[in-house]
Structure formats: C-alpha cells, structure tokens
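Results of the structural survey
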Amino acid sequence: MAMSVEPSPDTSATRSAARGALMLGLFAALGATLVGTTYQLTRERIADNQARRLQQTLHEILPPGAHDNPLHEDIVSVSDAALGSADGQSLIYRARKNGSPVAAILEVTAPDGYSGAIRMLVGIYTSGELAGVRVLEHRETPGLGDGIERARSDWIEGFSGKSLDNPTPDAWAVKRDGGAFDQFTGATITPRAVVTAVRNALIYFRGHQAEIFAPRASQS
C-alpha cells in the first residue's frame, strides 16, 4: 500500500507567499498600465484645455482687435526676480499691430499672498498704462481673499488704465497702508500682495521695454 507524503508546513507557506507575491505583482502591473493608458488618453485633452483657457485669459486682457499677431506664439522668456517667479523664469506675450509693438502681457507672481504665491498675467500697453490684470492661480481663502478672481468680484478690473504715474508712486498700496487701492473686508494681505506685484511689473516693463520687443536671435 503506497504511502502519501504531506507537504511540510514550510513548503506550503512558501508556495502561498509566492502566489501572493505573484498576484500583487500582476495587480501592480495592471494598475500601472491603466494609469499610463489614462494619462496618454487625457494628456492631450488637458493640454488643449489649458491652452484654450490661456488664450481666453490673454484676450480678456487684450481683445483680439487690439493686435493682429498670435499672442501665444510671440513669446519671450525672461529671468528677473522682480517678476516673482519661484524659478526666476517668466514668459512675456508680445502684442503687435501692423508689425509695431502694442502691448506686452507678463507672467507675474505675488509670492506673499496670505496662503502662498498668486500667479497672474499683467498686460501693459507701450504707453505704460495697464491693459488689465487677471489671476491665473491662487490658494487664498474662499469668501475672503478669492475676491481677486474676476469671477468673484470686479476688484481686479480696477487696475485697467492705471500706470506708475496714475496713481502717484506713493499711492501704489492698499488704502489701509495709505494707498489708493481698496482692500477686502477681513482680508488685506491678499490685495496688498497683488498691488505690489502689479506695481513691480510696471517698473520692470518701464525699464526693459526695448529688450522685451527686441527681435529674437532667430529673427535677426
């Protein structure tokens, strides 16, 4: 009569652990494949949405009739701490009509918002007057600091037509600091940061306008 040999407990445990590890590996591979496939399918859509949003915001600041060149193609990258970017690099969109400079829209960051950095676009005509300002990204408190968004209030519209001489230099501050710009009820830090950043953009533009509109190296 043949005798059956039972597997030792150690062998059974080893096989069970191996099966478990194999299953985990298969699930991990499947998960990675699904994530990668989803990313590939949505990446182009996300990029298109971002491009459309940027184009819409650029045209809110400077309507298409004010220029005849594609703003999203006529771009220069500059490095200056005055514009507030964390990595020191900022894009500038150049507007022209019949080949002549009309305005520039600068990427500007206010690093000292109440809840962190506030990313904006600041449009400035060659005359030095503001074409408009729009907030791209922020983490300010809902119901307080988010009044800088055009969708929440018209506060940001108050910059249009202003310049370094209008109001006077010492009035480029919120009213609580003796300046000309309103703050929000219960929130002063956020508008203070935005006003300072817009003023810094105007100062930068005044000192670098010729460089901003200079032909790129590939165009010379």
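This report concerns the structure included in the present document. (Residues numbered from 1 in each chain as written. Predicted model: local features only at pLDDT ≥ 70, side-chain atom pairs only at ≥ 80, totals over all residues. Heavy atoms only, no water.)

What about a nonpolar patch on the surface?
Nonpolar side chains collect at one region of the surface, where L22, M23, L26, F27, L30 and L34 lie side by side and expose about 630 Å² of accessible area between them. One can find L34 in helix α1 (residues 9–61). (Patch = residues over 30% accessible without salt bridge, like charges linked within 9 Å, V, L, I, M, F, W, Y side chains within 5 Å. Areas by Shrake-Rupley, 256 points an atom, 1.4 Å probe, with all protein chains shown as cover. Salt bridge = Lys/Arg side-chain N within 4 Å of Asp/Glu carboxyl O. Helix = DSSP H or I, 4+ residues; strand = E, 2+ residues; numbered from the N terminus.)

Section: the nonpolar core
Formed by 36 residues in total, the largest nonpolar core has its most connected members in L106, M120, F159 and V194. Secondary structure elements with two or more residues in this core: β1 (75–79), β3 (100–113), β4 (116–125), β5 (130–137) and α2 (189–212). Top contributing element to this core by residue count: α2, with 10 residues. The residues contacting F159, other than those within four sequence positions of it, are L130, V133, W172, F181, V194, V195 and V198. (Core = buried A, V, L, I, M, F, W, Y, C linked by side-chain atoms within 4.5 Å. Buried < 20%, exposed > 50% of the residue type's maximum accessible area, 1.4 Å probe, protein only. Contact = heavy atoms within 4.5 Å.)

Here's the deal with α2
The sharpest bend along α2 reaches about 55° and sits at R206. Inspection of α2 places T190, P191, A193, V194, V195, A197, V198, A201, L202, Y204, F205 and I212 among the buried residues, and these make up the whole buried set. Structurally, α2 contributes buried residues whose contacts are with β1, β2 (89–97), β3, β4 and β5. (Bend = angle between axes of the 7 residues up to and from the residue.)

Quick notes on the pairing of β5
The element β5 is extensively covered by neighbouring structure, given that 7 of its 8 residues are classed as buried. Sheet topology places β4 next to β5; 6 bridges connect them, and they run antiparallel. Of the residues in β5, the one forming a bridge with I124 is L130. (Pairing = 2+ DSSP bridges.)

Structural notes on the packing of aromatic side chains
Using the criterion set out here, one finds 6 aromatic pairs in the structure. Taken together, the ring pairs connect W155, F159, W172, F181 and F184 into an aromatic cluster. (Phe/Tyr/Trp six-rings, centres within 6.5 Å; stacked < 30°, edge-to-face > 60°.)

Quick notes on the pattern of salt bridges
As enumerated under the stated definition, the model contains 11 salt bridges in all. Here E157 and R134 are joined by a salt bridge, their closest N and O atoms 3.2 Å apart. Of this pair, E157 sits in the loop between β5 and α2 while R134 sits in strand β5, and the two are 23 residues apart along the sequence. You can call E157 partly exposed: its relative accessible area is 30%. Under the relative-accessibility criterion, R134 is labelled buried at 10%. A salt bridge links E157 to R150, with the shortest nitrogen-to-oxygen separation between them at 2.7 Å. Put simply, E60, R134, R150 and E157 are held in one network by salt bridges that share partners.

Considerations on unusual backbone geometry
Here the bond from N166 into P167 is cis, since omega is 5°, no more than 30 degrees from zero. Within the secondary structure, P167 sits in the loop between β5 and α2. Within the chain, N98 stands out as a residue other than glycine whose phi angle is a positive 55°. Here N98 is to be found in the loop between β2 and β3. Classification of N98 by relative accessible area gives exposed; the value is 70%.

What to know about the sheet that holds β3
Read from one edge of the open sheet, 5 strands run β1-β2-β3-β4-β5, paired in antiparallel fashion. Each end of this open sheet is capped by a strand with a single partner; those strands are β1 and β5. The mean inter-strand angle of the sheet, taken between neighbouring strand axes irrespective of direction, is 25°. Strand contacts of α2: β1, β2, β3, β4 and β5, with the helix running at about 145° to β3, the strand carrying the most contacts. (Axes fitted to C-alpha atoms, helices over the stretch in contact; angles between N-to-C directions.)

Any link to function would need more than the numbers given here.
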